[in-house]
Amino acid sequence: MTLGPIPVTRTTSPRPRTPESELGFGKVFTDHMLTVEWTAKTGWHDAKVVPYGPLAMDPAASVLHYGQAMFEGMKAFRGADGKIRLFRLMRHCQRMAAGAPRLCLPALPPEDMAAAIQAIVRTDADWVPGAPESSLYIRPTLIATEAFLGVRPAERVLFYVILSPVGAYYGGGALTPVKIFIERQLTRAAPGGLGAVKAAANYAASLQAAVRAKQDGYAQVLWLDGVKHETIEEVGTMNLFVVIGDELVTPPLSDSILSGVTRDCVLTLGREWGLKVSERPIAVAEVVAAHKAGTLKEVFGSGTAAVISPVGELATEADRMVINDGKVGALSLRLYEEITAIQRGTRPDTHGWLTVVD
Ligand SMILES: *Cc1c(COP(=O)(O)O)cnc(C)c1O
């Protein structure tokens, strides 16, 4: 541990509380935030919890010009027993540390990042919602703040964590299948690029395709490989799974696929349940052929926000494939129920995925 004890300055003007039924996603923020400074000279220092508020930054800060930025996304849950549990804390901290070098950003040691997250969640513990399906979304962020327009890695960096209480992803309570457009033109991530890192730039690169898809009545796009646009990579900002016959398949990790924590949960549970689970390339042509043959059983995305997002239809300009009659598949539902029950502490945490905040 390099950070030491983290001082807390409490707000003198608590923010208004939004009713849990009106939270939505990422609109409401808690009373405090955590910041840690890094300079090339001193390393990480000055970790503190302070009242939530604007960051003062020089307009020349490199993040604003060259996008040297990355983030994480994880959740804390209030269980039926009132306890607050962080889901897969260390795995998220390790992922950020593993990704930072690709952006020439310094990584906070995972143990320090974990301690920092616990400190801020403990401070704003009474903001963790208790309504079923609601949670506290945690957004650790790493940005280059040095005021310098030359192009090289910044020598001043800020790590900060903000918290956002979020409501049920599926408003009506039940999983809702979405329509997805197969994107054959635009690319999210290319070989050798930033796709395996939770880089802010990947999200900037994804927006236009998402906007176009929405205009045409789709929820998101299916991203294909950046070279030939033939194999499936991800769906929107989620990892992708297909069930063909009795095989659960997801593309293997590569430098253009993000190593999702939820993806790992799905693979772990699938293998435990005795399913035939494969990490192998999936061509669009294979999915089309399986659909024709009637063996394409389910398609779903996996990610922290939705947990499991069933796909009811995949479409190109020319073709539509309706999957499982547009209904939620049995495996999608089983995975969703198991993972959310573990998160809430109503089913045993046999994998050590939870950290209780006390
Ligand atoms: C964050 C993210 C995911 C999902 O990762 P989880 O750890 O499961 O939330 C998948 N794909 C991309 C591109 C992402 O940024």
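Residues numbered from 1 in each chain as written. Predicted model: local features only at pLDDT ≥ 70, side-chain atom pairs only at ≥ 80, totals over all residues. Heavy atoms only, no water.

*Asks:* Looking at this structure, I do not really get the overall build of the chain. What am I missing?
*Replies:* A tally of regular secondary structure across the chain gives seven helices and 17 strands. In summary, the chain has a C-alpha radius of gyration of 21 Å against a globular reference of 21 Å for 358 residues, a match within 12%. Across its three principal directions, the C-alpha atoms of the chain cover 60 × 50 × 35 Å. Burial analysis of the chain (358 residues in total) assigns 52% to the buried set. Considering only residue pairs separated by 6 or more positions, the chain has 70% of its internal contacts joining residues 24 or more positions apart. (Helix = DSSP H or I, 4+ residues; strand = E, 2+ residues; numbered from the N terminus. Rg over C-alpha atoms; globule rule 2.2 N^0.38 Å. Buried < 20%, exposed > 50% of the residue type's maximum accessible area, 1.4 Å probe, protein only. Contact = heavy atoms within 4.5 Å.)

*Asks:* Please explain the pairing of strand E15 (residues 307-315) as it appears in this structure.
*Replies:* Successive side chains on a regular strand alternate, one facing one side of the sheet and the next facing the other. The buried fraction of E15 amounts to nine of the nine residues, a majority that puts the element mostly inside the structure. In terms of strand pairing, strand E8 (residues 178-183) meets E15 through four bridges, oriented parallel. Paired with Lys-179 across the bridge in E15 is Glu-313. Bridge analysis of strand E14 (residues 296-303) against E15 gives four bridges, and the strand direction is antiparallel. Residue pairing for E15: Ser-302 is matched across the bridge by Ile-308. Hairpin connection from E14 to E15: three residues lie between these consecutive antiparallel strands. Here three bridges tie E15 to strand E16 (residues 320-322), and the two strands are oriented antiparallel to one another. Its bridge partner lying in E16, Ala-315 is registered against Arg-320. (Pairing = 2+ DSSP bridges.)

*Asks:* Hey, could you run me through the site of the ligand in this one?
*Replies:* Neighbouring the ligand are 15 residues; Lys-198, Tyr-203, Glu-234, Thr-262 and Thr-304 lie closest to it. Within the side chain of Glu-234, a nitrogen or oxygen atom sits 2.5 Å from a nitrogen atom of the ligand. Contact distances for the ligand include 2.6 Å between an oxygen atom and a side-chain N or O atom of Thr-304. Burial of the ligand by the protein amounts to 96% of the accessible area it has alone, namely 390 Å². For the shell around the ligand, the elements supplying multiple residues, two or more each, are helix H2 (89-99), strand E11 (238-244) and helix H5 (261-272). Looking at the shell around the ligand residue by residue, the classes come out as four nonpolar, seven polar and four charged. (Near = heavy atom within 4 Å. Polar contact = N/O pair within 3.5 Å; in protein donor to acceptor, adjacent residues only side chain to side chain. Areas by Shrake-Rupley, 256 points an atom, 1.4 Å probe, with all protein chains shown as cover. Nonpolar A, V, L, I, M, F, W, Y, C, P; charged D, E, K, R; others polar.)

*Asks:* What exactly am I supposed to notice about empty space enclosed by the protein here?
*Replies:* If you roll a probe as big as a water molecule over the atoms, it shows you where there is empty space left. Enumeration according to the criterion identifies three cavities of 30 Å³ or more in this entry. Taken as a whole, the largest cavity encloses approximately 60 Å³ of empty space. Forming the walls of the largest cavity are Met-74, Lys-75, Phe-77, Phe-87, His-92, Val-261, Thr-262, Gly-303, Thr-304, Val-307 and Gln-343. Mapped onto the lining of the largest cavity, the elements with two or more residues apiece are strand E4 (74-78) and H5. Of the residues belonging to the lining of the largest cavity, the class tally is five nonpolar, five polar and one charged. (1 Å grid on protein atoms, 1.4 Å probe; cavity = no way out; pocket = protein on both sides within 12 Å on 5 of 7 lines; lining within 4 Å. Points joined across faces, edges and corners; volume = space filled by probe spheres on them.)

*Asks:* What's the story with the packing of H5 against helix H7 (residues 330-344) in this structure? I'm lost.
*Replies:* Helix packing geometry: the angle between the two helix axes and the distance between the axes. Direction vectors running N to C along H5 and H7 enclose 110°, while the axes themselves pass 11 Å from each other. Considered as vectors, H5 and H7 are oriented roughly perpendicular to each other. Residues Cys-265, Val-266 and Leu-269 of H5 lie in contact with H7, whose contacting residues are Leu-335, Glu-338 and Ile-339. Considered class by class, the residues forming the contact of H5 with H7 number five nonpolar, no polar and one charged. (Axes fitted to C-alpha atoms, helices over the stretch in contact; angles between N-to-C directions. Parallel < 35°, antiparallel > 145°, perpendicular 65-115°, else oblique.)

*Asks:* Honestly, the pattern of salt bridges in this entry has me stumped. Any pointers?
*Replies:* Between side chains of opposite charge, a pair can form when the charged atoms approach closely. All told, the structure shown has 16 salt bridges when counted by the stated rule. Residue Arg-95 pairs with Glu-72 through a salt bridge whose shortest N-O separation is 2.7 Å. Of this pair, Arg-95 sits in helix H2 while Glu-72 sits in the loop between strand E3 (69-71) and E4; the two residues are 23 residues apart in sequence, bridging distant segments of the chain. Across this residue pair, the class does not change: Arg-95 and Glu-72 are buried. Notably, a salt bridge pairs Arg-320 with Glu-313, separated by 3.0 Å at the nearest N-O pair. By relative accessible area, which is 6% here, Glu-313 ends up buried. Overlapping salt bridges bring together Arg-88, Arg-91 and Asp-264 as one network. (Salt bridge = Lys/Arg side-chain N within 4 Å of Asp/Glu carboxyl O.)

*Asks:* Could you clarify how one ought to interpret the nonpolar core in this entry?
*Replies:* For soluble globular proteins, nonpolar side chains are generally found buried alongside one another. Of all hydrophobic cores here, the largest spans 44 residues; its most connected members are Leu-222 and Leu-314. When residues in this core are grouped by element, the largest group, six residues, is from E11. Those residues in contact with Leu-222 that sit more than four places away from it in its chain are Ile-180, Phe-181, Ile-182, Glu-183, Ile-232, Glu-234, Val-235, Leu-240 and Leu-314. Within the second largest apolar cluster, 40 residues are counted, among which are Trp-44, Ala-116, Ile-117 and Leu-142. (Core = buried A, V, L, I, M, F, W, Y, C linked by side-chain atoms within 4.5 Å.)

*Asks:* Mind showing me how you'd approach the environment of Ser-21 here?
*Replies:* As for its position among the elements, Ser-21 is in the segment before strand E1 (32-39). Residue Ser-21 is classed as exposed on the basis of its relative accessible area of 70%.

*Asks:* Quick question: what am I supposed to make of the domain arrangement of the chain here?
*Replies:* Accessible area lost upon the coming together of the parts is a frequently used measure of interface size. Looking at the chain, the domain boundaries give domain 1 (20-167) and domain 2 (178-343). Distance between the C-alpha centres of domain 1 and domain 2: 27 Å. Each partner contributes residues to the interface: domain 1 has 20 residues there, and domain 2 has 20 residues. Linking domain 1 with domain 2 are two salt bridges. Here Arg-88 makes a salt bridge to Asp-264, at a shortest N to O gap of 2.7 Å. The interface formed by domain 1 and domain 2 contains nine residue pairs in polar contact (both at pLDDT 80 or more). (Domains from an automatic or database assignment.)

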